[in-house]
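Structure assessment
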Amino acid sequence: MDSEKKKKMNRRTFLKGAASTAIAGSAALTTGCKGKGLLGSSEAIALEFQEYFKKHYRLMTQTERDETIARLERIAKLKQDVDIDIDSTGPQENVLYGYAFNVTRCEGYMECVKACVKENNLDRASNTQYIRIFEMEHGQMSPDQGDGKYFHMVPKEGHFYMGVQCFQCNNPPCVKACPTKATWKEPDGLVVVDYDWCIGCRYCMAACPYWGRRFNWNQPQVPKEKITKKQHYLGNRRRVRGMMEKCTFCIQRSRKGKVTACVEACPTGARVFGNLLDPDSEIRFVLDNKKVYRLKEDLGTDPKFWYFID
Amino acid sequence: MKKNTALKDLFSFVRDTFIWNISGSIGYQIYLCILVCLMMAGVYGYFIQFKLGLSATNMSNIVSWGFYISNFTFLVGVAAAAVMLILPSYIFNDKDLHKVVIIGEVVAVGALVMCMTFVFVDLGRPLQFWHLIPGIGHLNFPSSLLSWDILVLNGYLALNALVPAYIVYCHYHGREPVGKFYKPFIFISIGWAVAIHMITAFLYQGLPARPFWNNPLMGPRFLASAFAAGPAIISLVLHIVNSATDYKIEDKIFNKLRIIIVSAAVINLLMLFSEIFKEFYFPTHHSQSAMYLFFGLNGHDSLVPWIWTAISINLLGTLILAFKPFKGNQIFLMPALVLLIIGIWIEKGIGLIVPGLVPSPMGEIISYAPSNVELLITAGVVGLGAFIVTVLLKPALIIEKRYEETHGNSH
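Figured I'd write up the structure that's included with this text. Please read all numbers here as calculations on a predicted model, not as lab measurements.

1. Some thoughts on the overall build of chain B
In terms of regular secondary structure, chain B is built from 14 helices and 0 strands. Shown N-terminal to C-terminal, the secondary structure of chain B runs as helices and strands in the order α-α-α-α-α-α-α-α-α-α-α-α-α-α. Principal-axis analysis of the C-alpha atoms places the extent of chain B at approximately 70 × 55 × 45 Å. The 411 residues of chain B split such that 56% are buried. In chain B, 76% of the contacts between residues at least 6 apart in sequence involve partners at least 24 apart. Surface summary for chain B: the accessible area is close to 17,400 Å², and the carbon and sulfur share equals 73%.

2. Focus: the overall build of chain A
Looking only at helices and strands, one finds 10 helices and 14 strands in chain A. Scored against the burial criterion, the 310 residues of chain A give a buried share of 56%. Considering only residue pairs separated by 6 or more positions, chain A has 64% of its internal contacts joining residues 24 or more positions apart.

3. Some words on the interface of chain A and chain B
Taken together, the contacts link 49 residues of chain A with 48 residues of chain B. Both faces considered, chain A and chain B share a buried interface measuring about 4,400 Å² in area, 58% of it formed by carbon and sulfur atoms. It is Ile199, Tyr203 and Trp217 of chain A that lose the most area in chain A upon contact with chain B, and together they represent 16% of the buried surface on that side. Where chain A meets chain B, there are 2 salt bridges. With a shortest N-O distance of 2.7 Å, arginine 202 of chain A and aspartate 122 of chain B are connected by a salt bridge.

4. Here's the deal with the pairing of strand 12 (residues 271-275) of chain A
Residues and elements named next belong to chain A. Most of strand 12 sits out of view: 5 of its 5 residues are buried. Here strand 4 (residues 97-102) pairs with strand 12 via 5 bridges, running antiparallel. Within the sheet, the bridge partner assigned to phenylalanine 101 lies in strand 12 and is arginine 271.

5. A look at the environment of leucine 10 of chain B
Relative to the assigned elements, leucine 10 of chain B resides in helix 1 (residues 2-22). Taking the C-alpha atoms as reference points, leucine 10 of chain B and histidine 173 of chain B, 163 residues apart in sequence, are found 9.7 Å from one another.

6. Concerning the packing of helix 3 (residues 67-80) of chain B against helix 13 (residues 350-357) of chain B
Angle between the axes and distance between the axes: these two values describe a pair of packed helices. Residue and element names in this part refer to chain B. Closest axis-to-axis distance for the helix 3/helix 13 pair is 8 Å, and the angle between their directions is 130°. If you check the angle between helix 3 and helix 13, you find them oblique. Of the two possible hands of crossing, helix 3 and helix 13 adopt the one that is right-handed. Between helix 3 and helix 13, the contacting residues are Phe67, Ile69, Ser70 and Thr73 on the first element and Ile350, Leu352 and Ile353 on the second. Split by residue class, the contact of helix 3 with helix 13 holds 5 nonpolar, 2 polar and no charged.

7. What to know about the pairing of strand 5 (residues 132-137) of chain A
Residue and element names in this part refer to chain A. The element strand 5 is extensively covered by neighbouring structure, given that 5 of its 6 residues are classed as buried. In terms of strand pairing, strand 5 meets strand 6 (residues 159-164) through 6 bridges, oriented antiparallel. Residue pairing for strand 6: glutamate 137 is matched across the bridge by histidine 159.

8. As for the packing of helix 3 of chain B against helix 14 (residues 372-407) of chain B
All names here are of chain B. The contact between helix 3 and helix 14 brings their axes to 10 Å, and the two run at 30°. By the angle between their directions, the pair helix 3 and helix 14 is classed as roughly parallel. On helix 14, the residues touching Phe67, Tyr68 and Asn71 of helix 3 are Val373, Glu374, Leu375, Ile377 and Thr378. A per-class count over the contact of helix 3 with helix 14 returns 5 nonpolar, 2 polar and 1 charged.

9. Observations concerning empty space enclosed by the protein
Within the structure shown, the criterion is met by 10 cavities of 30 Å³ or more. Taken together, 19 residues line the largest cavity, and the ones lying closest to its centre are Phe212, Arg221, Leu272, Glu275 and Leu352 of chain B. Those elements that provide at least two residues to the lining of the largest cavity are helix 8 (218-244), helix 9 (251-281), helix 10 (288-294), helix 12 (334-348) and helix 13 of chain B. Top contributing element to the lining of the largest cavity by residue count: helix 9 of chain B, with 5 residues. Looking at the lining of the largest cavity, its residues break down into 10 nonpolar, 4 polar and 5 charged. The calculated volume of the second largest cavity comes to roughly 120 Å³. Forming the boundary of the second largest cavity are 13 residues, of which Cys201 of chain A together with Trp65, Ile69, Val119 and Leu146 of chain B lie nearest the centre. Of all the elements in the fold, those that place two or more residues in the lining of the second largest cavity are helix 3, helix 5 (95-122), helix 6 (145-172) and helix 7 (179-205) of chain B. Considered class by class, the residues forming the lining of the second largest cavity number 12 nonpolar, no polar and 1 charged.

10. Focus: the nonpolar core
The tendency in soluble globular proteins is for nonpolar side chains to be buried as a group. Within the largest apolar cluster, 198 residues are counted, with the highest numbers of intra-cluster contacts made by Tyr307 of chain A together with Ile103, Tyr204 and Trp213 of chain B. One finds Ala100, Ile283, Val286 and Trp306 of chain A within the second-largest nonpolar core, a separate group that totals 7 residues.

11. Regarding unusual backbone geometry
With an omega of 5°, the peptide bond running from phenylalanine 141 of chain B to proline 142 of chain B counts as cis. In this structure, proline 142 of chain B sits in the loop between helix 5 and helix 6. Geometrically, the link from valine 358 of chain B to proline 359 of chain B is a cis peptide bond, its omega value of -5° lying close to zero. For methionine 110 of chain A, which is not a glycine, the phi torsion comes out positive at approximately 65°.

12. Some details on the state of the cysteines
All names here are of chain A. For the coordinates displayed, the defined rule picks out 0 disulfides over all chains. Not engaged in a disulfide, the cysteine cysteine 198 finds its nearest cysteine sulfur in cysteine 204; these two sulfurs lie 6.4 Å apart. Exposure remark for cysteine 198: the relative accessible area of 9% places this residue in the buried category. Considering cysteine sulfurs only, cysteine 201 is the nearest to cysteine 204, which forms no disulfide, with 6.4 Å between them.

About the thresholds
- Residues numbered from 1 in each chain as written.
- Chains lettered and ligands numbered in written order.
- Predicted model: local features only at pLDDT ≥ 70, side-chain atom pairs only at ≥ 80, totals over all residues.
- Heavy atoms only, no water.
- Helix = DSSP H or I, 4+ residues; strand = E, 2+ residues; numbered from the N terminus.
- Buried < 20%, exposed > 50% of the residue type's maximum accessible area, 1.4 Å probe, protein only.
- Contact = heavy atoms within 4.5 Å.
- Areas by Shrake-Rupley, 256 points an atom, 1.4 Å probe, with all protein chains shown as cover.
- Buried area = accessible area lost by both parts, 1.4 Å probe.
- Salt bridge = Lys/Arg side-chain N within 4 Å of Asp/Glu carboxyl O.
- Pairing = 2+ DSSP bridges.
- Axes fitted to C-alpha atoms, helices over the stretch in contact; angles between N-to-C directions.
- Parallel < 35°, antiparallel > 145°, perpendicular 65-115°, else oblique.
- Left-handed = near helix turned anticlockwise from the far one by under 90°.
- Nonpolar A, V, L, I, M, F, W, Y, C, P; charged D, E, K, R; others polar.
- 1 Å grid on protein atoms, 1.4 Å probe; cavity = no way out; pocket = protein on both sides within 12 Å on 5 of 7 lines; lining within 4 Å.
- Points joined across faces, edges and corners; volume = space filled by probe spheres on them.
- Core = buried A, V, L, I, M, F, W, Y, C linked by side-chain atoms within 4.5 Å.
- Disulfide = S-S within 2.5 Å.

This is how it looks when you write it as structure tokens:
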């Protein structure tokens, strides 16, 4: 991303950000104040103050999880006046998510990218995207040789397209790297981040061989009317500056039995998502009947994301 | 009653060290003022960064670690280098080096404080740093090498601060320190020094995602470059002590340090040559980072002049130190020490961190140079390190000299 643009954007939005972000120290000082101050209402400050001391998500009891969710929903109401609904549905029995990408079918329309940005409340200011589509020439096989910044009519003659996102590795190097266990692999195979526990050291980012993680260098901005209100604690809820985030196969959708936003949006049907443990699923059909391959197999990361050719 | 005198002893120690620190010539006062100004500049820079977030730096999703982590890596080496004084003076009973071992330990303390400050200012959410503290946080030990690094660096800081503090405190009161109270920790600190630098190397070496770092030579090479750059910095401090205070340091100490520096620098250059051979004899896809560093890729060649400068002055410094073209006074070797330090700082700092991250795993190539905020904060951290070394060293040397005069030269 263009850092000049990023900084300009940041200065413009800085005052807004400073007003809306109450840091814990000043929160502690002003908790007793009544009414609306520069840093927002005293209730919001008190809630943020409690949020600061909360535990790691995995160490919380369900009651504690419900409490923090209630606080987060209330903060969203007080600060942005939106009614969000944060879910904490856990992994389902006998489910292991997998993904397949049909290299023959993808024509590079990037509808998936658009849907992902919308669904996951990605930062509009810095144009954060979980999915990247690479335009490849025939003969190439690895996206690092392709063009990830194409801007023209698609599909282009003599080219094909490859989508890349977090591959939800079965042996994820990012999880091993994190010094605070703020990122981990759920039993259903999703690699998630406890945003509030992340300290922003970016070691996971250095450890990821697929460039699957995104860092919030700025305070992320999502216009109020564009916020996706159905959220998950480990998914598309609000992130702040300094946190790491990543694709979670739309945990807020997939755990409710739906497909991911990218799969839903794809106009060519190039994207296949489903339960690897269900022998009747489409993803299993692809794995059993097509020639599939994965990126950087030699690293032993064991991604749950396959490419196939019709 | 006994407790009362112990408290009184401690009080007079603290009072005297404080007085010694603030009293001095005009030159010393100006020097302290400069350090305070540097620290203020750093605080100002951090204030901006705290408000804007890490977007105040030139780091991005591609170059996600920059100038801070580069300096951190170099300074871990400086901290580890104290072992090159501790080892000969305690294991081989070298009387000359024993006299300056405290200076090495104080430099290590300063370097460690700088290391930890650099890691702290690099955090995206510094207020959440307590998540790292075992007990109240949730440290990912032993899986994450970063958690190892946090533990060993803090342990090494404790060793290098408490052992000299105990010895100096005893000397202040004219007592001989009791060997069994501190000698075991000295021996622990020798192994520990190697550990801090190996673990810092493993931090990078353990990432298969980054072929430029995923190299088994990195740990040993870190040690070799540290044992060249660290003693070189200690030598510089010794030259300053020698000319600015009445704590005199003999030429043979400089000569011993020079031999250590040259040996380590030669080993470092050999390993560097071995790495360059591997990257360029039969370049593979994994040699892209080295290409980027040494020759530039797709027009992004901002590191190229730096790395060639680093290698040239590394060689030049090593040759001057090895062959001593200016006979006589050791002070003529100071420029060579400075060359070597700068060479290793570039090569092991920005010349190691940035190419590890470029090209990105998706093949993107960009240039990186630190922003003004990064430079300001770095200046502040360096000021802090120099300040700590100064305020620890000044009273320590006064006490040591006084003790030596009253108790002779027997340790």
